[in-house]
Amino acid sequence: MSISAAQAQPEPFEPDSHLAITEAQRRQFDEDGFFLIENALKPKRVERLLEVVDKLSDRFRKAHGTPADAPYQIRNALAHHKELFRLIDYRKILRLVVDVMGVNIQIRTSHVDVRPPMKDHAVGELGASGSFFPWHSDAPNYGYPITNGAIPFLEVKVGYYLTDLTELNSGAICVVRGSHRLSPELIHDPDYRIEPEDIVEVNVKPGTAMVWRTALWHCLTPNLSDRTRKCLYYGYNYRWARPGDYDRQDARLLARCTLVQRQLLGSNTTEDGVVYQDGDPAHPASRFWRPEPGDVPLEAWAEKQRHKRMQKEWRRWKKTNTLPPYAVGAPAEPTP
Ligand SMILES: O=C(O)CCC(=O)C(=O)O
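Residues numbered from 1 in each chain as written. Predicted model: local features only at pLDDT ≥ 70, side-chain atom pairs only at ≥ 80, totals over all residues.

Caption draft 1: The environment of glycine 207, seen in detail. Mapped onto the secondary structure, glycine 207 falls in the loop between β6 (199-201) and β7 (208-213). Look at glycine 207 and you get buried, because 20 C-beta atoms sit within 10 Å. Taking the C-alpha atoms as reference points, glycine 207 and proline 284, 77 residues apart in sequence, are found 46 Å from one another. Leaving out residues up to four positions away in the same chain, glycine 207 has contacts with Asn39, Ala40, Leu41, Lys42, Pro43 and Val46. (Helix = DSSP H or I, 4+ residues; strand = E, 2+ residues; numbered from the N terminus. Buried ≥ 20, exposed ≤ 12 C-beta atoms within 10 Å, placed from the backbone. Contact = placed C-beta atoms within 7 Å.)

Below is the structure:
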């Protein structure tokens with residue numbers, strides 16, 4: 001017996017509640033601690049960023065007398081050029097950061113990393129203690145707390161790779177798959193052996209981004225290529241933690257920001273910092289700990305992104321579920 005279209009039940013419309021992350025990315029982020037996004041930056045944008053990185057590193061190297069063949073890093077990079085600033089809320093990537101961390105976040109650090117070729121470098125054991133770039137996981141001085149043998153989930157970094165790192169030993173970052181679930185103290189245990197098959201050398205094309213838990217053990221391969229390696233990192237942590245590169249961003253920079261950007265730069269909407277609960281001076285609370293309405297504009301932003309994704313999925317659903325909208329089982333069109 002055939003069922004008429006009016007009787008048939010459409011596929012249920014089950015929109016994803018995330019902003020952008022896929023199931024596979026979520027699984028990899030949980031299990032391995034990172035995932036890659038190829039072509040996160042278009043070639044033209046990579047070109048512009050490379051120009052900025054070159055200009056800045058030339059200027060700072062001259063100012064500090066750093067030789068051209070020495071590695072170089074600029075911290076709080078976002079404050080040094082508008083192209084670097086614009087990446088703090090790059091929609092394509094910020095949606096993924098919000099998906100893994102939620103909306104109560106800020107920028108902890110942003111850095112430019114430049115690594116010229118290492119002429120005459122004798123290749124030793126990867127990430128060995130005392131080597132040019134030993135295995136480590138990111139942490140403030142005195143360390144992050146270790147709970148149940150691991151660092152709790154406190155931050156992610158987004159790495160943007162601007163130069164070609166597809167060759168082995170071209171200065172790419174290496175991560176140990178799943179090491180965010182281990183104690184970083186093990187790194188210094190001479191008896192602990194990292195399984196070679198868990199080491200991932202991030203050999204990627206220019207424009208690739210990596211979203212990774214900074215508790216992951218990481219190190220670098222030596223740059224034995226003839227190209228200088230250039231990349232950017234943006235670290236996001238929670239608003240109730242402290243930033244790493246700044247206490248407070250420059251007021252002139254904050255004045256130019258959108259509300260979301262101000263949040264990401266660790267600022268409250270009023271710059272007031274403290275709120276008195278029910279106006280009672282016996283109960284002051286930090287706005288970072290107890291946000292007031294408007295202190296987390298990323299929340300409204302995320303809602304908008306979620307709605308956009310839902311609309312997109314709705315349009316796709318409608319294409320494959322051709323029943324009239326009033327048919328039994330057809331859901332109502334999502335509203336803003
Ligand atoms: O890729 C780099 O140059 C440095 C990566 C790193 O160690 C970090 O971001 O913590």
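From this point, things continue past the structure.
Caption draft 2: Quick peek at helix α7 (residues 298-320). Counted at 1.5 Å a residue, the expected span for α7 with its 23 residues is 33 Å, and the 33 Å between its end C-alpha atoms agrees. Taken residue by residue, α7 has Leu298, Trp301, Ala302 and Arg306 as its buried positions. (Expected span 1.5 Å × (residues − 1).)

Caption draft 3: Broad picture of the sheet that holds strand β1 (residues 34-37). If you walk across this open sheet you meet the 6 strands as β1-β7-β4-β9-β3-β2, and the pairing is antiparallel. The open sheet has two edge strands, β1 and β2 (72-75), and neither has a second partner. Sheet twist, expressed as the average angle between the axes of neighbouring strands with direction ignored, equals 20°. Across 4 bridges, β1 lies against β7 in antiparallel orientation. The residue bridging phenylalanine 35 from the neighbouring strand is valine 211, located in β7. Each of β2, β3 (105-115) and β9 (229-238) is contacted by helix α2 (residues 43-64), which is oriented at about 75° to β3, the strand it contacts most. (Pairing = 2+ DSSP bridges. Axes fitted to C-alpha atoms, helices over the stretch in contact; angles between N-to-C directions.)

Caption draft 4: The arrangement of unusual backbone geometry in detail. Positive phi, normally seen in glycine, also occurs at asparagine 39, with a value near 55°. With respect to the helices and strands, the residue asparagine 39 is situated in the loop between β1 and α2. One non-glycine residue, tyrosine 142, adopts positive backbone phi at about 75°. Mapped onto the fold, tyrosine 142 is located in the loop between β3 and β4 (155-161).

Caption draft 5: Structural view of the sheet that holds strand β5 (residues 173-176). Overall, antiparallel pairing links the 3 strands, which are arranged β6-β5-β8 in an open sheet. Of all the strands in the sheet, the pair left with one neighbour each is β6 and β8 (218-220). Between one strand axis and the next, the sheet turns through 25° on average, direction left out of account. For β5 and β8, the ladder comprises 3 bridges, and the chain directions are antiparallel. For isoleucine 173, the partnering residue across the bridge sits in β8 and is leucine 220.

Caption draft 6: α2, seen in detail. With 22 residues, α2 should cover 32 Å at 1.5 Å per step; its first-to-last C-alpha distance of 31 Å lies within 8% of that length. Where α2 is buried, its residues meet β2, α3 (82-85), β3 and β9.

Caption draft 7: The arrangement of the nonpolar core in detail. Counting residues in hydrophobic clusters, the biggest one holds 60 residues, and the most contacted among them are Val97, Val158, Tyr160, Val175, Val211 and Leu232. Every residue in contact with leucine 232, bar those within four places of it in the chain, is listed here: Leu49, Ala77, Leu84, Leu87, Val112, Tyr160 and Leu162. (Core = buried A, V, L, I, M, F, W, Y, C linked by C-beta atoms within 7 Å.)

Caption draft 8: Quick look at the site of the ligand. If you check the shell around the ligand, you find Asp113, Asp138, Lys157, Ile173, His218, Leu220, Cys231 and Tyr233 and nothing else. Looking at the shell around the ligand, the elements that each hand over two or more residues are β8 and β9. Within the shell around the ligand, the residues separate by chemical class into 4 nonpolar, 1 polar and 3 charged. (Near = placed C-beta within 6 Å. Nonpolar A, V, L, I, M, F, W, Y, C, P; charged D, E, K, R; others polar.)

Caption draft 9: Here's a closer look at the pairing of β9. Burial runs high along β9: 9 of the 10 residues are buried. Bridge analysis of β3 against β9 gives 10 bridges, and the strand direction is antiparallel. Counted as the bridge partner of isoleucine 107 is tyrosine 236 from β9. In this sheet, β9 lies alongside β4 in antiparallel orientation, the contact comprising 7 bridges.

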